[in-house]
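Structural features, examined
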Amino acid sequence: MTVSTQNVRGLEDRANTQGSGALPSIEYDLIRAHVFASLVTLVISALFGILVATKFTFPDFLGGHAWLTWGRLRYNHTQGIFFGWLGNAFLAFFYYVVPRLANRPVLSRALGWFLFVVWNFAVVLPGWVLVAAGFSQPLEWAEFPLVVDAFVVLAFVLMVFEFVLPILKARLSDLYVSGWYIIGGIIFTMLAYPVGNFIPELVPGARGAAFSGLWIHDAVGLFVTPFAVAIAYYVIPATTHRPIFSHFLSMVGFWLLFFIYPLNGTHHYVYSAIPMSAQKGAIVASAYLGMDVILVVTNLLLSLRGNSGTASKDVPLRFVWFGVIAYLVVSLQGSVQALMPVNRFIHFTDWVIGHSHLAMIGFGSFVALGGIAHMWQRIPGTRYNERMTNWSFWFLAVGLTLMVADLTIAGLVEAQVWQSSSPWIDSVRAVESYWLVRTLSGLPILAGFLLFWTSLVTGPKRTLVITSAASRVASADPAEFENVAPVSVRSRSTSWLSYAHVVAFGAGVGFFALSFIVLAIIPGKQLEREIKQAAPVTMASLTASEQRGRIIYGREGCAYCHTQQIRFLEADVRRFGPPTEAWETKYDYPQLWGTRRIGPDLSREFNLRSRDWQLTHLYNPRLVVQDSVMPPYPWLFDGGPNQPTQEGLDVLAYLQSLGRARQLSGFDRQRLASSAEPEALDMAPSTEPLARATPPAVPIAMVGGYSLSAPVLHPEADQDGLQEEVSRGGALFDANCASCHGSAGRGDGKASASLLPKPANLTAAHFSDERLSSVLWNGIAGSAMPPWRQLPTEDLRALIAYIQSLNAPRATPRMQEAAGLGKTLFAAACASCHGATGEGNGPAAGAVAPAPTNFHLKKPTEERAWDVLENGVQGTAMPPWRNQLNADERHALVEFVRSLYDPAQESEGR
Amino acid sequence: MINLIVVLTTAVMFALLLVWWRWPVFRLWIEAPKYSMLRQESRFNDPDTERESATNLSSIDTSISEHPQVSGD
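Residues numbered from 1 in each chain as written. Chains lettered and ligands numbered in written order. Predicted model: local features only at pLDDT ≥ 70, side-chain atom pairs only at ≥ 80, totals over all residues. Heavy atoms only, no water.

We now examine the overall build of chain B. Assigned secondary structure in chain B consists of two helices and one strand. Its helices and strands in sequence order give chain B the pattern α-α-β, from N to C terminus. Within chain B, buried positions represent 38% of all 73 residues. Total accessible area computed for chain B in this model is approximately 4,100 Å², and 61% of it derives from carbon and sulfur atoms. (Helix = DSSP H or I, 4+ residues; strand = E, 2+ residues; numbered from the N terminus. Buried < 20%, exposed > 50% of the residue type's maximum accessible area, 1.4 Å probe, protein only. Areas by Shrake-Rupley, 256 points an atom, 1.4 Å probe, with all protein chains shown as cover.)

What follows is the structure, encoded as structure tokens:
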């Protein structure tokens, strides 16, 4: 088939109409204003990012000020990059390119200034201030509060008038692909933004998460990507003076992007309670998206064919080229990490943070910087320092490469630890050095941004609009395209093509609507049915205090380190408990599932930790978890961890409500009862990891702190082996126990001041192997002592050896009968709790927590026993007896309880 | 639903490829904007080109132009 001469001649008419007449004016002042605003907000946002990164290594850095806490800075970092930096950069580019593409000016200069004010002084600035002051929305890419969201929507409506209307006035069939991306980006973001920002406030939990997932992806896919690709498609031909390789492929890429991107959203919640059909749909769409990006990038790179010299000499073009390559890498990475075998491993880790930075800096920012530098050279009256821009490129390229490589490896390390049964804090310790490198890698990036800014205000002043020298050298003869090209369709046989774009636009809107139907509305209906069937009738909503605590939890960014979403994965269930089901989230407005785990999942906090542990941890996490990187929250207290403000109590109430409905439902007990597999009772190697890490199916607090499944671990019998164990146990004790028990084990650690009952003085008693095994396995209900069963068996054994070494004289087996008086007194005063034989199993034992001491397994020193009888034990049911018993009687009791110790079982065990 | 997404997307892509392959005029038509973009760029970079100041609302024709360039021969 050949093209008829008639057609080709007819097509020429169209081209000639666009290329004639006076040029529309360009709003250079608005370009300068938006470029300036973009660079100011870029540097501020980058500083926020560096502070956030620094706090991973120095968590107490600026930790005393609520406005500078990690969570609020994290919100402002991402929102600043999104709205402040990229938003302003894209707007500057629109003012430059829309008059070129539409052959008419933007709608109104006054409207432009109004938009500038709205964007910067009703969105970015108040958004930052409100977030810092504690008014925010704990939703990814939607952190600015609702009042700001209203102005964002207004701004997008203004953009439709300012930019889309002039483009639509041009003939759409003449519209270059960059114009299509601008139209698509503005309109689809305007539609998608309310979905991610408003709907999760109205639709709770898992159903709301389905909508949140859409926006998380659309923020990048419908805002950053289209506008960045528009810049790339413009800067490449404008610099090389050659047309792009294929406008057909560019349009195929454009429509595929808008068809497919919205369908990706749910891949952020793979293995969640959201129906699997929606998850799989998103995964398939992610694979398609990868193919689309290959198409787009191939077209862009082919457009640079024969211009490698230009790309290396022209710095703005090099920025764009780098961005295009990063676009390919990050998109293929995204497609791969949506696949279930990969997602189960790397999701929630720093790998994803590396992916985000590659997208937002490597792709979005590099292309935007290239676009700014390109147009800056063509704006009259500006200065431009190419040497500085070149330095900026290299600083940014090196810093970003280091950051992404570092975070990617850190993610793999975290994932590896999470798959094991090691304590959570081990994953934090494992990546500490990576976090330091990440912080350092931010410095060249910040320097690159500053150099770029400097490059726009130094150098020779441009008085005329020019094209860069490099471009002129590399460009082809303009006549090449003048002679070949512009053609128009004026034949009857091709007239329908005029409507092709309208049809395609309709299809785009259709796919956009399809994404909401397929990924949000249908799964939402399914979840609604599931919730109705599964939720207990008696499921209580949050109390007023818990509700307030939830708001504080959101404003401090807790959901950005702690998920409330146990995935349907063995590693998750083993570590945190039963997977999160949709009905558990029926009162969560908005959902707080989270997309990242720096700390552990909190879905099962109910009955897991004592109140004083939680408060101490909130006041200063390192008081109870030495290597924690969690920020302190001293503004929730009046000077100390045992003086919480009402806000502190509210957060505590909320934390202790997490998982309450699940535990009280009894579902997991029923499942356990009906399970054919009994709980592992021994430490046989084959079942060891599972047994060790599985949280108790029945909450410890509800069974008095004892579990029959606790194995009895015995330290080495021979002296050499024992010495080695004691030595290793000492190191483990320092890392895990010393913050409460003190470095010498005297119960005087940093946290001891605010814990009640006080951490045990481990030097004041000898503990049997059985007792220590039970405590390490189960923790002590009613106290701050948590279970440590995640530790490897050999570590638990070493800890037992070390703790026993703290009380040097080992007790001998009972050799004498207890004094008659002591025995009588014990039966009268103590047996109701401690049991007739002193085994801690008296009739009242089940009702008190911590459980009464079993004197067969713990032999207190004389001093300790005397002190307890004199003063009782604060925070427990043990009262003082000095007013009821005289000194002789108390001495008799001390002798009696010490005589009960019977380590015979240990000897047998060895 | 997954099948629907796959089938729809694949069908759209194949339809576009078919049109492109069977109809050379379509190729010319779809490729035209990449040339007009360059022409515009060269006009804007020419310092001698007259500039039109039209940044107030009253100077702009606010009616949406009809779909263009379609005329039977």
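Next comes the rest of the account.
Glancing now at the overall build of chain A. Counting its secondary structure elements, chain A contains 35 helices and three strands. The burial tally for chain A puts 62% of its 910 residues in the buried class. Here the contacts in chain A between residues at least 6 apart in sequence split such that 80% fall between residues at least 24 apart. Only carbon and sulfur atoms are counted for the fraction: they give 62% of the accessible area of chain A, which is about 32,900 Å². (Contact = heavy atoms within 4.5 Å.)

Residues and elements named next belong to chain A. Mapping Asn-854 onto the fold places it in the loop between helix 32 (820-834) and strand 3 (858-860). Looking at Asn-854, the relative accessible area reads 11%, which means it is buried. A polar side-chain atom of Asn-854 sits 3.4 Å from the main-chain carbonyl oxygen of Glu-839. (Polar contact = N/O pair within 3.5 Å; in protein donor to acceptor, adjacent residues only side chain to side chain.)

A word on the confidence of the model for chain B. Residues and elements named next belong to chain B. Across chain B, the average pLDDT comes to 69, with 60% of residues at or above 70. Model confidence for chain B, summarised as mean pLDDT per element, is weakest for strand 1 (residues 51-52) at 52 and strongest for helix 2 (residues 24-44) at 90. Under a pLDDT of 50 for its full length, residues 53-73 has, in the predicted model, 49 contacts with residues more than four places off or in other chains. Interface confidence in the predicted complex, given as ipTM, is 0.75; pTM for the same model is 0.84. (pLDDT = per-residue confidence, 0-100.)

With that settled, the discussion passes to the packing of helix 2 (residues 28-57) of chain A against helix 14 (residues 350-376) of chain A. All names here are of chain A. Helix 14 packs onto helix 2 with a crossing angle of 145 degrees between their chain directions and a minimal axis gap of 12 Å. The way helix 2 lies across helix 14 gives a crossing that is left-handed. For the pair formed by helix 2 and helix 14, the contact residues are Ile-31, Arg-32, Val-35 and Ser-38 on the first element and Ile-372, Met-375 and Trp-376 on the second. The residue makeup of the contact of helix 2 with helix 14, split by class, is five nonpolar, one polar and one charged. (Axes fitted to C-alpha atoms, helices over the stretch in contact; angles between N-to-C directions. Left-handed = near helix turned anticlockwise from the far one by under 90°. Nonpolar A, V, L, I, M, F, W, Y, C, P; charged D, E, K, R; others polar.)

Residues and elements named next belong to chain A. This prediction gives chain A a mean pLDDT of 85; 87% of its residues lie at or above 70. Here residues 810-818 scores under 50 on pLDDT; set against residues more than four positions off or in separate chains, the count is twelve contacts. Overall, residues 906-910 carries pLDDT values under 50, and its contacts beyond four positions in sequence, including any with other chains, amount to 13 contacts.

It is worth spelling out the nonpolar core at this point. Residue and element names in this part refer to chain A. If you look at the biggest cluster of nonpolar residues, it comprises 218 residues, and the most contacted ones within it are Ile-31, Trp-85, Phe-94 and Phe-163. When neighbours within four sequence positions are excluded, Phe-94 is seen to be in contact with Pro-99, Met-159, Phe-163, Ile-182, Ile-186 and Phe-227. Residues Leu-776, Met-785, Trp-788 and Ala-801 belong to the second largest nonpolar core, which totals 23 residues. (Core = buried A, V, L, I, M, F, W, Y, C linked by side-chain atoms within 4.5 Å.)

Residue and element names in this part refer to chain A. With respect to the helices and strands, Thr-189 occurs in helix 6 (residues 177-197). Here the side chain of Thr-189 touches Gly-185 through a polar contact of 2.5 Å, landing on its backbone oxygen. When residues no more than four places from it in sequence are discounted, the contact partners of Thr-189 are Phe-156, Gly-184, Pro-194, Trp-215, Leu-222 and Phe-223.

Let's shift gears to a nonpolar patch on the surface. Residues and elements named next belong to chain A. The grouping of Trp-67, Val-117, Phe-121, Leu-125 and Val-129 at the surface amounts to a nonpolar patch, some 490 Å² of accessible area in total. Looking at the element boundaries, Val-129 is found in helix 4 (residues 109-133). Residue classification places Val-129 among the partly exposed positions, given a relative accessible area of 41%. (Patch = residues over 30% accessible without salt bridge, like charges linked within 9 Å, V, L, I, M, F, W, Y side chains within 5 Å. Salt bridge = Lys/Arg side-chain N within 4 Å of Asp/Glu carboxyl O.)

Attention shifts here to a negative patch on the surface. All names here are of chain A. Together, Glu-716, Asp-718, Asp-720 and Glu-724 line one region of the surface with negative charge. Locating Asp-720 in the fold gives a position in helix 28 (residues 719-736). On the basis of relative accessibility, which here comes to 64%, the residue Asp-720 falls in the exposed class. (Lys, Arg positive; Asp, Glu negative; His and termini not counted. Charge placed at Lys NZ, Arg CZ, Asp CG, Glu CD.)

Residues and elements named next belong to chain A. Taken across its ten residues, helix 30 (residues 769-778) has nine buried, putting it largely inside the fold. For helix 30, the complete set of buried residues consists of Asp-769, Arg-771, Leu-772, Ser-773, Ser-774, Val-775, Leu-776, Trp-777 and Asn-778. Gly-779, located one to two residues past helix 30, shows a positive phi value of around 75 degrees.

Next up on the list: the environment of A:Leu165. Of note, A:Leu165 is situated in helix 5 (residues 146-169). A relative accessible area of 19% means that A:Leu165 is categorised as buried.

What follows concerns the pattern of salt bridges. If charged atoms from side chains of opposite charge come close, those side chains can pair. Residues and elements named next belong to chain B. What the rule picks out here adds up to 27 salt bridges over all chains. With its nearest N and O atoms 3.1 Å apart, the salt bridge here joins Glu-31 to Lys-34. Pair noted here: Glu-31 and Lys-34 are both in helix 2, with a separation of three residues, about one helical turn. In terms of burial, Glu-31 and Lys-34 fall into one category: buried.

Applying the stated rule across the entire model yields 55 aromatic pairs over all chains. Arranged with centres 6.2 Å apart and planes meeting at 55 degrees, the rings of A:Trp391 and A:Phe395 form a pair that is tilted. One end of the pair is A:Trp391 and the other is A:Phe395, both in helix 15 (residues 386-419) and four residues apart, which spans about a single turn. The partly exposed category is assigned to A:Phe395, whose relative accessible area is 31%. Sitting over the ring of A:Trp613, A:Arg609 keeps its end group 4.1 Å from the ring centre. Just above the ring of B:Trp21 sits the side chain of B:Arg22; from NZ or CZ to the centre is 5.5 Å. (Phe/Tyr/Trp six-rings, centres within 6.5 Å; stacked < 30°, edge-to-face > 60°. Lys NZ or Arg CZ within 6 Å of the ring centre and 35° of its normal.)

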